[in-house]
Every structure is written in structure tokens, then in C-alpha cells.
Amino acid sequence: MIVIENVAVATVDASDSYHADGHVVVGDDGRIAAVGAGPAAEGEGRRVDGAGCLVTPGLINTHHHLYQWATRGLAVDETLFGWLKTLYPIWGRLDAEVVGAAAGAGLGWLALSGCTTSMDHHYVFPRDGGDVLEAEIEAARRVGLRFHPTRGSMDLGQKDGGLPPDNIVESTDEALIATENAIDRWHDPSPGAMLQIAVAPCSPFSVTERLMSEAAELARRKGVRLHTHLAETDDEEDFCRERFGCTPTEYAERLGWLGDDVWLAHGVHLDDSAITKLGATGTGVAHCPSSNARLGAGAARVRELLDHRVPVGLGVDGSASQEASHLGEELRQALYTARTRGGPGALNAREALRLGTMGGARCLGRQDDLGSIEAGKLADLVLWRLDGLGHAGIDDRLAALVFGPAAPVELALVGGRPVVERGELVHADAGTLAREAVRAHRRLMERVT
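Read on for a plain summary of the structure.

Here is what the cut-offs are and how they apply
- Residues numbered from 1 in each chain as written.
- Predicted model: local features only at pLDDT ≥ 70, side-chain atom pairs only at ≥ 80, totals over all residues.
- Heavy atoms only, no water.
- Helix = DSSP H or I, 4+ residues; strand = E, 2+ residues; numbered from the N terminus.
- Rg over C-alpha atoms; globule rule 2.2 N^0.38 Å.
- Buried < 20%, exposed > 50% of the residue type's maximum accessible area, 1.4 Å probe, protein only.
- Contact = heavy atoms within 4.5 Å.
- Areas by Shrake-Rupley, 256 points an atom, 1.4 Å probe, with all protein chains shown as cover.
- Lys, Arg positive; Asp, Glu negative; His and termini not counted.
- Salt bridge = Lys/Arg side-chain N within 4 Å of Asp/Glu carboxyl O.
- Core = buried A, V, L, I, M, F, W, Y, C linked by side-chain atoms within 4.5 Å.
- Disulfide = S-S within 2.5 Å.

## Considerations on the overall build of the protein chain
Part 1 of the reasoning: The helix and strand inventory of the protein chain stands at 14 helices and 17 strands.
Part 2 of the reasoning: Against the 2.2 N^0.38 benchmark of 22 Å for 449 residues, the protein chain shows a C-alpha radius of gyration of 21 Å, consistent with a compact globule.
Part 3 of the reasoning: By principal-axis analysis of the C-alpha atoms, the protein chain measures approximately 65 × 45 × 40 Å.
Part 4 of the reasoning: Residues classed as buried in the protein chain amount to 61% of the 449 residues present.
Part 5 of the reasoning: Looking at the protein chain alone, contacts between residues at least 24 apart form 74% of all its contacts between residues at least 6 apart.
Part 6 of the reasoning: Only carbon and sulfur atoms are counted for the fraction: they give 48% of the accessible area of the protein chain, which is about 16300 Å².

## Regarding the side chain of Glu136
Part 1 of the reasoning: Note that Glu136 resides in helix α3 (residues 132-143).
Part 2 of the reasoning: As a buried residue without a salt bridge, Glu136 has its nearest oppositely charged side chain in Arg151, at a separation of 9.3 Å.
Part 3 of the reasoning: Discounting chain neighbours no more than four positions away, the residues touching Glu136 are Leu66, Val99, Ala103, Leu107, Asp120, His122, Phe147 and Pro149.

## Digging into the nonpolar core
Part 1 of the reasoning: Counting residues in hydrophobic clusters, the biggest one holds 132 residues, and the most contacted among them are Trp83, Trp91, Leu107 and Leu145.
Part 2 of the reasoning: Examining the composition of this core, we find that nine residues originate from one element, helix α2 (residues 96-112), more than from any other.
Part 3 of the reasoning: Among residues more than four places away in sequence, those in contact with Leu107 are Leu66, Ser118, Glu136, Ala139, Ala140, Val143, Leu145 and Phe147.

## Brief notes about the environment of Ala33
Part 1 of the reasoning: Following the sequence through the fold, Ala33 ends up in strand β3 (residues 32-37).
Part 2 of the reasoning: Taking the relative accessible area as the measure of exposure, Ala33 reaches 45% and is therefore partly exposed.
Part 3 of the reasoning: Contact partners of Ala33, with chain neighbours within four places excluded, come to Val25, Val26, Gly27 and Ala375.

## Details of the state of the cysteines
Part 1 of the reasoning: Applying the stated criterion across every chain yields a total of zero disulfides.
Part 2 of the reasoning: With no disulfide of its own, Cys115 lies closest to Cys288 among cysteine sulfurs, the gap being 13 Å.
Part 3 of the reasoning: Between Cys363, a free cysteine, and Cys288, which holds the nearest cysteine sulfur, the sulfur-to-sulfur gap is 10 Å.

Okay, structure coming up:
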């Protein structure tokens, strides 16, 4: 058992309960036993003094491409399509060793930024690259994070009018068979699962209509969730209108890709009709404000999405389109982006934290067990230290977390098990992860020179 006491608590429950001086008790089953104001009851277990700290639910990363840690800092002045055309040939040389090292670095950094659950969208499978999905799953186990990798796919190469080179796409049948095999091998449907698989064809400009529609059928037959990129850029809008005669959202609807088992990455260019459809169907959106800014893609209409009851989570997106990849900082970036569009009333600190916690849990279908601090839920928690120089003088600790500089993680728990303590990884060594990532980057770049 672990008792965190003498601490500010932001529960993110349905009432947004906040205790300026409270406690959280973690049971030996890895779930939250109690939360409330004042001191905790006497009892056995490790006692953690949370003075100067704020405890929140662990942050949930709803969109990422971990392999991209090996190609950071490239094509830094390109739009999405130009960036992809530059990087596709490099990604075609990936293998399991490179992906494992990149994923280890990416997940280690996410843990240090307050993330306790991350998805990953992997859609590049070179024929001689080995088992890249297994490599990133092993990396997640090494770091200790709860993991939701998606088996992505691309089957629309350049010769058929798509964006990716023909040598890095799969056939439609290959992609569907491999996706089903990944579900059968890895997916754990239990409530406390550390590993769950989703189905994730890449995007309208890299996937055929057949793969999109049959992937949706496969996911629903297997009882897993669906994910893809949608409405990220004006270029994508133009592509869909020219090729399919409709908007990206209309295209998704046509192929059975709206529903409460679907969450879409970005959703930047959504008109009023699209937002209404997402809200009516319960389709989620992974909001990636820093990546959208880095690529100049635009700013998602988060206030309107929330007002239409669309589940909205946060994502750092791939490390090559958002080199910082710090999920804690995305709370502030989401708030600033919303206010750039709609003024100070567009998003507040509590709403920003909800995006990064309960909003993410809803996107991943884990809202019954993750996303808030409530008795019976999994003890995925982060204790943020807010009494240092960077936060000095900000009395409201939630405001300090969201508006202030990146807060150090004093303690992060996944299922009650520490994965970060005093700003250091518990199960992996950050220096080793960094060295492995550098070697992987160099090996990959040597293959393309």
C-alpha cells in the first residue's frame, strides 16, 4: 500500500473535486482505495509526504509514432506532405532494433513528462525489418508504462495515387492478416490490462477504401478500437475532395469510421457539420497542438468539440514532427492554442487537465478504470513537484502545473507500481536509453546515405 498525504489533489472526477490539502490511498491490488480532504487514516504501507506537490491522474497520450524518435530534427521547415515525402524513404529502412531503441527513448521521456499510459500508431513495416511491433511492446514493458499500440497499415502507394513510396506499403490482404494476428497475439481485454491493441490504417492518402472499410469490420468483429489520421491539413482536404468527392469526415462516415469505438488524430480542419457528426456518434479526437503548430497545420476547434460532447484527448504526436514530445507541456500548449482561437474563455486549467486525463481515457475506451482519482480505479497517478523556483509564488497548484514551466515528476505510479521517483526512471536508465537512441539514429541514417 502507498499513502500520499499532505498534498493537493485534482481528482478530475465528474464534479472536478479538488482538495487543497488531501490524501490518496493506493491499495495492494494496484487500485485507489481512498481519496479525500485532510490526512489519511493511520495504517500500514509506505507514506509519501506530498508537501509542495499536486497529485493528478496519470496523463494519457492518445497519439504518437514512437519510431520517429530515430528521425528527429529533419525537414523542420516543411508542411505535412513535404515532411512525409522527405522522411518516407528513411523510414523504409527501419528494423526492430531501431524501433525498439526509439520506442524505449520515447516512452522513457513520456514517463518523465507525467505520462502513465501511451498509445502508439505504427504503420511502417519493412519486409526485412523483423517484428517491429514486438520491439516497441518490449520497450513499454522495460519502462513500465501502460501501452496501447495500434497495428497500423498503408496499402496505397504512389503508383496508385497515394503519397508513400510503393516499397513501404503492404498489400491489403497482408495488412489485414497481420492486424488480426497482432490482436490475437497481444490484445488483453481485461479491465486492468497493461497492453491493448487497436486497428489503425494510416490515413486517407495512404490507405485504400477497401482496407479502411475491412479494417473497421475486423476491429468490430474482434472487439477492439479504431484509430486513424483525419482532417489534419488543407492538403488532406484537397486530396479527399479530388479523389473521393467529399470531405475527410464524410469519407470516414461513408466507410463506417464514425462511432464511439473510434478516435481520430488531429481533427484540425473540421467544419460545423463534421463536429456535429463526431459529437452525435461519440467519435473521439486526439488533439496534438504542438505538432500541428510545428507543421503549420492549424489549430483544432477544441472549444466547439467539447461543447458538442466530443471525447478529446491529448497527444504529443510523432517525435519527428514534435521534437519536445513532453506530454505535461501539452496541457499548456492546448490551453494556449484554444485561447489563440477563442480568447481566455476558450479553455481553462481544469479543462486542459481533463483533456490530458479523462479525455484521453475516453478516447482509448478506458474511462471506467483510468482518467480520474476515484476509489476503485487503477492507481495510475502522478505527483508533481511545484515548490521549486519555477513555480514559486503561484498559490493555485493546478494553475502552477498548467500555466507554469514543466513540473518535475516526484512520483509516477502505474497500477500502484512506481515508474518514476524523484525525477528518475525506476525500471530503466535514462542515460542508457539515450545512448541506444543515438546509435539507432546513426545506424538508420547510414543506411540512406
